[in-house]
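Here is how the chains run, residue by residue.
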Amino acid sequence: MSRSHSLRELYLSRIREFYRQPARIFWVYGFPTVLAIGLGLAFRSRPPESIQLDLVASGSSAVEKTLRDYDVKARRESRPGLQLKVGSADAANRRLLTGKTPLVIEPKGSQVIYRYDPTRPEGVAARGAVDDILQSAHGRVDPLATEDIKVTEPGSRYIDFLIPGLIGLNTMGGGLWGIGFLLVNFRVAKLLKCFVATPMPRRNFLLALIGARLTFLLPDLGVLLLLGTLAFQMPIHGSLLLVIVVDVMGALAFAGIGLLIGSRAQSTETVSGLMNLVMLPMWLFSGVFFSSERFPDVAQPFIKVLPLTQLISALRLVILEGAGWLDVAPALAILAVWAVGSFYLALRIFRWT
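These figures come from a predicted structure and were not determined experimentally. The numbering scheme is per chain: residues are counted from 1 as the chain's sequence reads. Side-chain atom pairs in this predicted model are given and counted only at pLDDT of 80 or more, local residue features only at pLDDT of at least 70, and totals for whole chains, interfaces and linings cover all residues. The basis for the side-chain values is all heavy atoms of the structure; hydrogens and waters are excluded.

Visitor: Which residues make up the pattern of salt bridges, and what are the values?
Guide: Put simply, a salt bridge is a Lys or Arg side-chain nitrogen that is within 4 Å of an Asp or Glu carboxyl oxygen. This structure, assessed with the given rule, holds five salt bridges. The closest approach of N and O atoms between Asp69 and Lys65, which form a salt bridge, is 2.9 Å. With Asp69 and Lys65 both in helix H3 (residues 62-76) and four residues apart, the pair spans about one turn of that helix. Type-normalised accessible area, obtained with a 1.4 Å probe on protein chains alone, sets the label of each residue: buried when under 20%, exposed when over 50%, and partly exposed for intermediate values. Here Asp69 falls in the partly exposed class, since its relative accessible area comes to 40%. With a shortest N-O distance of 2.3 Å, Arg94 and Glu321 are connected by a salt bridge. Here Arg94 is found in helix H4 (residues 89-97), whereas its partner Glu321 is found in helix H12 (residues 307-321), with 227 residues between them in sequence. Only DSSP runs of H or I with at least four residues qualify as helices, and only runs of E with at least two residues qualify as strands; both kinds are numbered from the N terminus onward.

Shown next, in the form of structure tokens:
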């Protein structure tokens, strides 16, 4: 059997094995779809511990002073304070549209304008809390005129923010569980001993697993993109080809990590623990369900180096902001380092038994 023939046969056997197990099909395609629908229609979250908002810089600093005085007093009294970011109107509105802030405040003469997504609980809660702060500072008889601009157009809603996060989450799960866990199952079932008796190089074996995973990736990506565009009218502002390239690079990174984790694990219990150890920080910090910028600045370098953070950020840049190749090049480079580095280490330490 030639080396190229062994790679082709292993690849085809992996494809057949996948479709002969309906449960796998559900977890790869059905589960993320159900999750997207459920979270898109009925997602509820607790109000944040501190009120997050963006303030448009203006000639008058009265509103900023009121908010900063409240923050100092609240923190002194161990109550939820404010996460206040002051900047230009363009920057603030851009952060609102990309889900990085729930509320934008723009002082305009004697009036204050609030911009927020009324379907996002954080935005509604922040708007009410901040208005109470400002009205109380002006005597609580509501002398300060306000105006609400509710941002509801496609591309700026929570579901638009969520879909790219679910794409990244599913790409991570497929790469880690679909390869690392499968590899250990082969080892436990003694199937790897059968493979080692053939003239096939281990490189072909590992490449076949990765190739099969990439084959499943495109239908999976298509399901979630179609769900977002058809069911929720989510726009795709950037290149669809670039979306695919970003997701494929993320899949390669997680496939390499999955191979690395499963290279020597001897039991399903061991590999499950390792998988959860790797996945848990990314579940929490990578911005799947809310912006990773909500975490402290000291944690940002760690968060930004995580492959899931780079994958989701790049997907959101392309889908929601229409970013181009140069804009996502740093994320692609980091994902490439994860892919090449983890696959190289997996080849070095891989054991058949």
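Visitor: Go over the pairing of strand E3 (residues 103-108) with me, naming the residues and quoting the values.
Guide: For E3, the buried fraction is high: five of the six residues fall into the buried class. Here a strand pair is declared whenever DSSP counts at least two bridges between the two strands. Relative to E3, strand E1 (residues 51-56) is paired through two bridges, and the arrangement is parallel. When the bridges of E3 are listed, Leu55 appears paired with Ile105. Pairing geometry for E3 and strand E4 (residues 111-116), over six bridges, is antiparallel. Directly across from Lys108, in E4, lies its bridge partner Gln111. Between the antiparallel neighbours E3 and E4 lie two residues, among them Gly109 with a positive phi of about 65°.

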